[in-house]
Amino acid sequence: MNLKKIILDFYKSDALINPTVLATYLHDDILLEWNSSKGFIQMNRDDLLALASELSRSYIRSKVDISHIVKEGDLVSV
């Protein structure tokens, strides 16, 4: 399966609100880092699955509109 298809399938799958589906996409060693309005946040795989579980309580579906997806070598940017 090509990288762009994996990324598109991820965003179309409701993985963001379904921890069972999300688990199929996440590497065991994932570490998400970002600067939010609450400061610097780090989340590991278990944290992300818990977040998806929490989001599933509030949302029935998730919708992502992708304006651009670019692949160069083994990197994909959305």
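The present account deals with the structure reproduced in this document. Values in this document were obtained by computation on a predicted structure and should not be read as measured data.

### Observations regarding the pattern of salt bridges
Argument step 1. Applying the stated rule across the entire model yields four salt bridges.
Argument step 2. Between aspartate 14 and arginine 61 there is a salt bridge, with its nearest N and O atoms 3.0 Å apart. Taken together, the residues aspartate 14 in the loop between α1 (3–12) and α2 (19–25) and arginine 61 in the loop between α3 (45–56) and β3 (70–72) connect sequence positions 47 residues apart.
Argument step 3. For aspartate 14, a relative accessible area of 14% puts it in the buried group.

### Section: the nonpolar core
Argument step 1. Counting eight residues, the largest nonpolar core is built from Phe10, Ala15, Leu22, Leu26, Met43, Leu48, Leu49 and Ala52.
Argument step 2. Tallying contributions element by element places α3 first for this core, with three residues.

### A word on the side chain of serine 62
Argument step 1. With respect to the element layout, serine 62 can be found in the loop between α3 and β3.
Argument step 2. Judged by relative accessible area, which is 16%, serine 62 ranks as buried.
Argument step 3. Here the side chain of serine 62 touches aspartate 14 through a polar contact of 2.8 Å, side chain to side chain.
Argument step 4. In contact with serine 62, other than residues within four places in its own chain, are Asp14, Leu16 and Ile17.

### Here's the deal with the pairing of strand β1 (residues 31–36)
Argument step 1. As defined by bridge partners, β1 adjoins strand β2 (residues 39–44) across six bridges and the pair is classed as antiparallel. Looking across to β2, one finds that asparagine 35 is bridged to phenylalanine 40.

### A short note on the environment of isoleucine 41
Argument step 1. Looking at the element boundaries, isoleucine 41 is found in strand β2.
Argument step 2. The exposure class of isoleucine 41 is partly exposed, given its relative accessible area of 23%.
Argument step 3. Each residue touching isoleucine 41, except ones within four places of it in the same chain, is listed here: Leu32, Glu33, Trp34 and Ser36.

Definitions and cut-offs
- Residue positions are given per chain, counting from 1 as you read along its sequence in written order.
- pLDDT decides what is reported in this predicted model: residues at 70 or higher carry local features, side-chain atom pairs at 80 or more are listed and counted, and totals for whole chains, interfaces and linings draw on all residues regardless.
- Side-chain metrics rest on all non-hydrogen atoms present in the structure, leaving aside hydrogens and water.
- Any carboxyl oxygen of Asp or Glu within 4 Å of a side-chain nitrogen of Lys or Arg constitutes a salt bridge here.
- Comment: elements are numbered from the N terminus, with helices defined as DSSP H or I runs of at least four residues and strands as E runs of at least two.
- The buried label applies to any residue whose accessible area, calculated with a 1.4 Å probe on protein chains only, is under 20% of its type's maximum; exposed applies above 50%, and partly exposed to all values in between.
- Put simply, buried Ala, Val, Leu, Ile, Met, Phe, Trp, Tyr and Cys residues joined by side-chain atoms within 4.5 Å make one nonpolar core.
- Between N or O atoms, a polar contact is any pair within 3.5 Å; within protein, one atom must be a potential hydrogen donor and the other a potential acceptor, and residues adjacent in sequence are included only when both atoms are from side chains.
- Whether two residues are in contact is decided by their heavy atoms: any pair within 4.5 Å suffices.
- When DSSP finds at least two bridges between two strands, those strands are taken to pair.

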